[in-house]
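# Per-entry structural report
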Protein chains: 2
Amino acid sequence: MASDHFFCSVSEKSVHEVEKSLAPSTKHGADLRFHGVVRDTEEGESISGIDYSFYPAMAEKELRSIGEAMGNDHPNHLAFVHHKIGFVENGEASILIRVQTKHSADAFEICREYLRRIKESVPIWKKPEFDS
Amino acid sequence: MASDHFFCSVSEKSVHEVEKSLAPSTKHGADLRFHGVVRDTEEGESISGIDYSFYPAMAEKELRSIGEAMGNDHPNHLAFVHHKIGFVENGEASILIRVQTKHSADAFEICREYLRRIKESVPIWKKPEFDS
């Protein structure tokens, strides 16, 4: 799941678990990490969490294609995206988008743009589990 | 070091150490964390790290004052700032700015603004240690 600047994974591993093994860098002064967290309500109703499902090949292919396009649009960054699949309880992150850049302003712009493109086009379905 | 929405600490604890104990939230869908990382060069010369020093009362007072102003300008967010003091080797983060909001767009805007204000006005001095 790699190009030079982009790595991604979609699996049952938690964001927390995956984040523990991220390597540091001495070349990038900014390391920005967006965690998309499951809230405890969905359209006003209490939920215990969200069950995420996907077609692995499609989701990862789309992520890689976003990574490639972002590499063209914004040279000189590193990015890593992980999406947890399966049940994610409220308070837990379902997605991590990490962006490393030399300077901080770029990191905010690029990370936000990854999030926008991922939301727009990666086929991952969510099914809220409502409290009974 | 607290108001309702803002917490900060300035100490010799590493960002990594501090980050491990951050509490999750079921009310905030976005949890954005900016790590300011020490690079391996300073003005073109190799460095092993940076030694940060400060007047604790001044730095924390200024951080709290930024937190208060940000609470007025951007209601409904949570923020936490930690700055490590002492020697921070290259590849390690010297500062963490965590912002939690209900939706993601606000998190990017608010986190970036914290960083801008902190850089501008918090009196923390840095002394690079050059490789000999």
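These numbers come from a predicted model, not from an experiment. (Residues numbered from 1 in each chain as written. Chains lettered and ligands numbered in written order. Predicted model: local features only at pLDDT ≥ 70, side-chain atom pairs only at ≥ 80, totals over all residues. Heavy atoms only, no water.)

## Some details on the layout of surface pockets
By rolling a water-sized probe across the atoms, one finds the places where empty space is left. By volume, the largest pocket is sized at about 900 Å³. What lines the largest pocket is a set of 39 residues, among which E19(A), R33(A), H16(B), E19(B) and R33(B) lie closest to the centre. Its residues assigned to classes, the lining of the largest pocket shows 12 nonpolar, 14 polar and 13 charged. (1 Å grid on protein atoms, 1.4 Å probe; cavity = no way out; pocket = protein on both sides within 12 Å on 5 of 7 lines; lining within 4 Å. Points joined across faces, edges and corners; volume = space filled by probe spheres on them. Nonpolar A, V, L, I, M, F, W, Y, C, P; charged D, E, K, R; others polar.)

## Considering the sheet that holds strand 7 (residues 93–101) of chain B
As summarised here, the arrangement of the 8 strands in space is 1(A)-5(A)-7(A)-2(A)-2(B)-7(B)-5(B)-1(B), forming an open sheet in which the pairing is mixed. What marks the edges here is a single partner per strand, and that holds for strand 1 (6–11) of chain A together with strand 1 (6–11) of chain B. On average, each strand axis in the sheet is tilted by 10° relative to the strand beside it, whichever way the strands run. In this sheet, strand 7 (residues 93–101) of chain A lies alongside strand 5 (residues 78–84) of chain A in antiparallel orientation, the contact comprising 6 bridges. Following the sheet pairing, L78(A) is matched in strand 7 of chain A by Q100(A). Sheet contacts for helix 3 (residues 104–121) of chain A: strand 1, strand 2 (30–37), strand 5 and strand 7 of chain A together with strand 2 (30–37) of chain B; angle to strand 7 of chain A, the most-contacted strand, approximately 145°. (Pairing = 2+ DSSP bridges. Helix = DSSP H or I, 4+ residues; strand = E, 2+ residues; numbered from the N terminus. Axes fitted to C-alpha atoms, helices over the stretch in contact; angles between N-to-C directions. Contact = heavy atoms within 4.5 Å.)

## Re the nonpolar core
Counting 62 residues, the largest nonpolar core has I97(A), Y114(A), I97(B) and Y114(B) as the members making the most contacts within it. If we skip the residues at most four places from it in the chain, I97(A) touches L32(A), R33(A), F34(A), F80(A), V81(A), C111(A), Y114(A), L115(A) and I118(A). (Core = buried A, V, L, I, M, F, W, Y, C linked by side-chain atoms within 4.5 Å. Buried < 20%, exposed > 50% of the residue type's maximum accessible area, 1.4 Å probe, protein only.)

## Notes on the interface of chain B and chain A
Contacts between chain B and chain A engage 29 residues on the former and 29 residues on the latter. Interface of chain B and chain A: buried area, both sides summed, is about 2,500 Å²; carbon and sulfur atoms make up 56% of it. Joining chain B to chain A, the criterion identifies 2 salt bridges. Note that D40(A) and K27(B) form a salt bridge whose closest N and O atoms lie 2.6 Å from each other. The tally of links between chain B and chain A comes to 11 residue pairs in polar contact (both at pLDDT 80 or more). Elements supplying a minimum of two residues to the side of chain B that touches chain A: strand 2 and helix 3 (104–121) of chain B. Within the side of chain B that touches chain A, the residues separate by chemical class into 10 nonpolar, 10 polar and 9 charged. (Buried area = accessible area lost by both parts, 1.4 Å probe. Salt bridge = Lys/Arg side-chain N within 4 Å of Asp/Glu carboxyl O. Polar contact = N/O pair within 3.5 Å; in protein donor to acceptor, adjacent residues only side chain to side chain.)

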